[in-house]
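Reading the structure
Each chain is listed here by its residues.
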Amino acid sequence: MTHASLLRRITDYSNRANPYPLYEELRKTPVLQDEEGGPFLISSYWDIEGLLHDPRISSDATNLAAAGDDELNGAEQTGLPPSFIRLDPPEHDRLRRIANGSFGPPHRPTRIDSMRPELAQIVTDLIDGIGDAREIDLVDQFAYPFPVTVICRLLGVPREDEPRFRAWVDPIVAGLDPDTRTSADAAKTAQEARMQLGMYLAGLVEERTKEPREDMLSDLVTSHGPDGAMTMMEVLSTAVLLLIAGHETTVNLITNGMLTLLRHPEFLHRLREDPGLAVNIVEELLRYEPPVQLVPQRTCIADIELRGVIIPKGSRIWLVLAAGNRDPERFHDPDRGDIQHLGFGSGIHSCFGAPLARLETQIALTELTRRLENPRLLEDPPPYRQNAVLRGPRHLNIGFDGLR
Ligand code: HEM
């Protein structure tokens, strides 16, 4: 009898709730191509870390398409020029540098830090919105609306337009999910929403060009790197990238976070007693239950030898971050804390939004823990989304005795 390949088993929905035993199996062959013509799966911490810094690995969408990966490319088509997540240096660096000027570099995230009171208010409003209910779906009622509202405020979408903005974002994000991507209707709705969102953002960009304000869109329009400013289309691609890259990921970190805390109530109690623990808890979650399980969008642009295996030029590689995050060669006790995780990637493409994602999740988990009286899981494991790359529950039903 032939066994299904590990690749198939990792993407098979029946393993979504607990893929970690598969990753353990995968690490036994740290460089594995288990389907002819399929991607090379890389699963050890140090190999992943090394490849994320290796200039022989390309993120360029055209190289990926040449390697035969239409599915992943199709999911992210926006009709705009590629954003910097799908570009190699020097174009990647040029655009990221301009965007960083506005966001604040990772070690000095000034804009993000100044958003702290606003983020706390959005969280308070969402929790207050639960009212007298004794049960919530954390995904639909909290984790999903939160990051979109935040990105609207960050970019500078006027408050009165937030509902319209969200009405476009929802089908776009749904269109990225393999659950819905296969339906022709969903694809059409997502495409229309993308066009409308693009037109709406173009209007905002035009306004900001004439009259810059304090928001990030204005900064993107007015900032100059050493090689000049972004074009209008590049500003739009960057805005859409921030929107999409920061969405499902943050939803899943918050939801995986509450799920983990509710499964380990001792941590829930400790967080309630000492909100300062949120910083370490969020880091540990990024290692233990990373929202981005693997980075599949990479192509080798030269032959690479790794652990005696030649990965030929033109091959696709999948960097299985979630397997590296529990690699015992790197983490002496992989079931306990060590915050040098791969949850935000590493190297030149390492997560641009990390300071924002961290702060959003720290505030969300602290406030949920503080305000929900006696919270408990109503279903464990919860139903998961189809997506094997951006992994997280589709619903997380929590019962509680009231709000504090
Ligand atoms: C890149 C994870 C939230 C914006 C990445 C990468 C990972 C990641 C693993 C590397 C991808 C690669 O190497 O190809 C996460 C997780 C998040 C999160 C787990 C939440 C918990 C955000 C947020 C934003 C954001 C909130 C924006 C507001 C980006 C951008 C890139 C990126 C722009 C591309 C960076 C580049 O190519 O230079 N993220 N992300 N992310 N992320 Fe995040």
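The model shown is predicted, which means the values in this text are computed figures rather than measured ones.

1. A word on the sheet that holds strand β2 (residues 40–42)
Taken in spatial order, the five strands make up an open sheet running β1-β2-β8-β5-β3, and their pairing is mixed. The open sheet is flanked by β1 (31–32) and β3 (57–58), the only strands paired with a single partner. Here β2 pairs with strand β8 (residues 316–319) via three bridges, running parallel. Bridge pairing links phenylalanine 40 to isoleucine 317 in β8.

2. Details of the nonpolar core
Grouped together as the largest cluster of nonpolar side chains are 76 residues, with contacts concentrated most on Ala239, Met258 and Leu365. With sequence-adjacent residues up to four places away left out, methionine 258 is seen in contact with Leu138, Leu365, Leu368 and Leu396.

3. Side note on helix α13 (residues 184–210)
Compared with an ideal rise of 1.5 Å per residue, which puts 27 residues at 39 Å, α13 spans 39 Å between its outermost C-alpha atoms and is within 8% of the ideal. Burial in α13 covers these residues: Ala190, Arg194, Leu197, Leu201, Leu204, Val205 and Arg208.

4. So, the environment of valine 389
Note that valine 389 resides in the loop between β9 (376–377) and β10 (397–399). Put simply, valine 389 and valine 282 are 107 residues apart on the chain and 19 Å apart in space, counted from C-alpha to C-alpha.

5. A look at the confidence of the model for the protein
Low pLDDT marks regions whose predicted coordinates should not be analysed in detail. Here the protein shows a mean pLDDT of 90. Residues at 70 or above account for 91%. Note that pLDDT drops below 50 for residues 71–75; the model gives that stretch eight contacts with residues more than four away or on any other chain.

6. A short note on unusual backbone geometry
Note the cis peptide between proline 89 and proline 90, where omega equals 5 degrees. Positionally, proline 90 belongs in the loop between α5 (70–75) and α6 (91–103). Here aspartate 380 and proline 381 are connected by a cis peptide whose omega angle stands at 0 degrees. Along the chain, proline 381 falls in the loop between β9 and β10. One non-glycine residue with positive phi stands out, namely arginine 307, at about 50 degrees.

7. A closer look at the pairing of strand β5 (residues 295–300)
Among the six residues that make up β5, five are buried, leaving the element largely enclosed by the rest of the structure. Across two bridges, the pairing between β3 and β5 is antiparallel. The residue bridging isoleucine 57 from the neighbouring strand is cysteine 300, located in β5. Of the strand pairs in this sheet, β5 and β8 are connected by three bridges, and their pairing is antiparallel. Following the sheet pairing, arginine 298 is matched in β8 by isoleucine 317.

Parameters and conventions
- Residues numbered from 1 in each chain as written.
- Predicted model: local features only at pLDDT ≥ 70, side-chain atom pairs only at ≥ 80, totals over all residues.
- Pairing = 2+ DSSP bridges.
- Helix = DSSP H or I, 4+ residues; strand = E, 2+ residues; numbered from the N terminus.
- Core = buried A, V, L, I, M, F, W, Y, C linked by C-beta atoms within 7 Å.
- Buried ≥ 20, exposed ≤ 12 C-beta atoms within 10 Å, placed from the backbone.
- Contact = placed C-beta atoms within 7 Å.
- Expected span 1.5 Å × (residues − 1).
- pLDDT = per-residue confidence, 0-100.

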